[in-house]
Structures are given as C-alpha cells and as structure tokens.
Amino acid sequence: MEHARRFLEYATDFEKTYEDDDWSRLEVYFTEDAVYAVTGEAPLGGEWAGREAVLEHLNEIVNELDRRFEMRDVEIVGAPKVSEDSIEFDWRGTYKNAGDPDLVFGGREKAIFSGDRIIRLVDTMEEGADQNIQVWLESHSA
C-alpha cells in the first residue's frame, strides 16, 4: 500500500498546486526521467519525457482545460489496483460552467514507481474523450 499512500500525497499536493500554481511542489513526486503519456489526440493526447516537461505539460493542460470551468470534480471510480511497483484506477471528471452543458469524461490512470517517485504516468482516456472535449471546447468555451 506504500504506492497508494504516496499517490494520495501526490494527488493532495496536485490540488494545492491547482489552487496556488506552485508547480515546484510536485517535483518530489517524479523521477528526473519521468514520462507522462496520454492516449488520444488534442487537447490531451501525447507523451512528455523528463520531469520538467511532465510538470510543464500538467500546468499547460490545467490552464487550457481545467481553468476554463467554474467547477471541476475529479473522482476515483471503484477500487484502485495496487501492485509491487504501481497503482492503477479508473477516474471520471465533471467540469461545469453556468449555462453550459457539463463536460464529463474519464479514463484509467496508472502510476509506475521507481522507489517513492513516479517514473511513468499513463492516462488511457475512454474512447472518444478527445473528440468530445474538442467539440465541447469549440462549442461552449470562450
């Protein structure tokens, strides 16, 4: 359960970072050669290598997507699966603006650890999430 606890610490600090924009807080959770991979196309899909690139991308996607909404609720769906070197779970995000339909999408996240740091973070988006996000942004987002 060590990786589950460590990931919870990361998630808690991610929410603090979302509030105050201090991305340096998250450096301790990633190895220097960490990789973040997201399935699908824009605006989320791609792969970023190196801790600095991972954190820059997380900051970028928060600014390009999450901060466009008045409210966001990201939750774990079901029980996480913890192995010797990883934690994996399904998640769902609901994003809301007054007067617009909710944007809802999810996927499966897997964090692979080297010691107490994430070496690889993978988000496998649900089928069609990238297209749904893009259509929503083009139709409803200023």
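As a convention, each chain's residues are numbered from 1 in the sequence order in which they are written. Selection of residues for local features in this predicted model requires a pLDDT of at least 70, selection of side-chain atom pairs for listing and counting requires 80 or more, and totals for whole chains, interfaces and linings are taken over all residues. The side-chain numbers reported here are obtained from all heavy atoms of the structure, hydrogens and water having been left aside.

Where like charges cluster on the molecular surface, the negative patch consists of Asp22, Glu27, Glu52, Glu56, Glu60 and Glu64. The secondary structure listing takes helices from DSSP runs of H or I that are at least 4 residues long and strands from runs of E that are at least 2 residues long, numbered from the N terminus. Turning to its location among the elements, Glu52 is positioned in helix α2 (residues 51-64). Like-charged residues within 9 Å of one another, or nonpolar side chains (Val, Leu, Ile, Met, Phe, Trp, Tyr) within 5 Å, are grouped into patches, provided each residue has over 30% relative accessible area and no salt bridge. Per-residue accessibility takes into account occlusion by the displayed protein chains alone, with areas from the Shrake-Rupley method and a 1.4 Å probe. Salt bridges are defined as contacts in which a side-chain nitrogen from Lys or Arg sits within 4 Å of a carboxyl oxygen from Asp or Glu. Positive: Lys, Arg. Negative: Asp, Glu. His and the chain ends are not part of the count. Working definition for charges: the position is that of NZ of Lys, CZ of Arg, CG of Asp or CD of Glu.

Quick look at the pattern of salt bridges now. For side chains bearing opposite charge, pairing can occur when the charged atoms are close. Applying the stated criterion across every chain, the model contains 14 salt bridges. Between Arg6 and Glu9 there is a salt bridge; the shortest N-O distance is 3.1 Å. Note that Arg6 and Glu9 are positioned in helix α1 (residues 2-20) at a spacing of three residues, about one turn of the helix. Exposure classes here rest on a 1.4 Å probe applied to the protein chains alone. A residue is buried below 20% of its type maximum, exposed above 50%, and partly exposed in between. Arg6 sits in the buried class, given a relative accessible area of 12%.

Right, let's talk about the layout of surface pockets for a bit. Buriedness of a pocket was judged along seven lines, with at least five required to meet protein on both sides within 12 Å; pockets are open sets of points on a 1 Å grid over the protein atoms alone, cavities are sets where a 1.4 Å probe fits but cannot get out, and lining residues have an atom within 4 Å of a point. Grid points are joined across faces, edges and corners, and a volume is the space filled by probe spheres set on the points. Here the largest pocket defines a volume of roughly 760 Å³. Every residue lining the largest pocket is counted, 31 residues in all, and those nearest its centre are Phe14, Arg72, Val74, Trp91 and Glu109. Secondary structure elements with two or more residues in the lining of the largest pocket: α1, β1 (30-38), α2, β3 (71-82), β4 (86-96), β5 (103-114) and β6 (117-125). Residue contributions to the lining of the largest pocket peak at seven residues, all from α1. Looking at the lining of the largest pocket, its residues break down into 23 nonpolar, one polar and seven charged. Only Asp, Glu, Lys and Arg are considered charged in this grouping, and only Ala, Val, Leu, Ile, Met, Phe, Trp, Tyr, Cys and Pro are considered nonpolar; every other residue, Gly among them, is considered polar.

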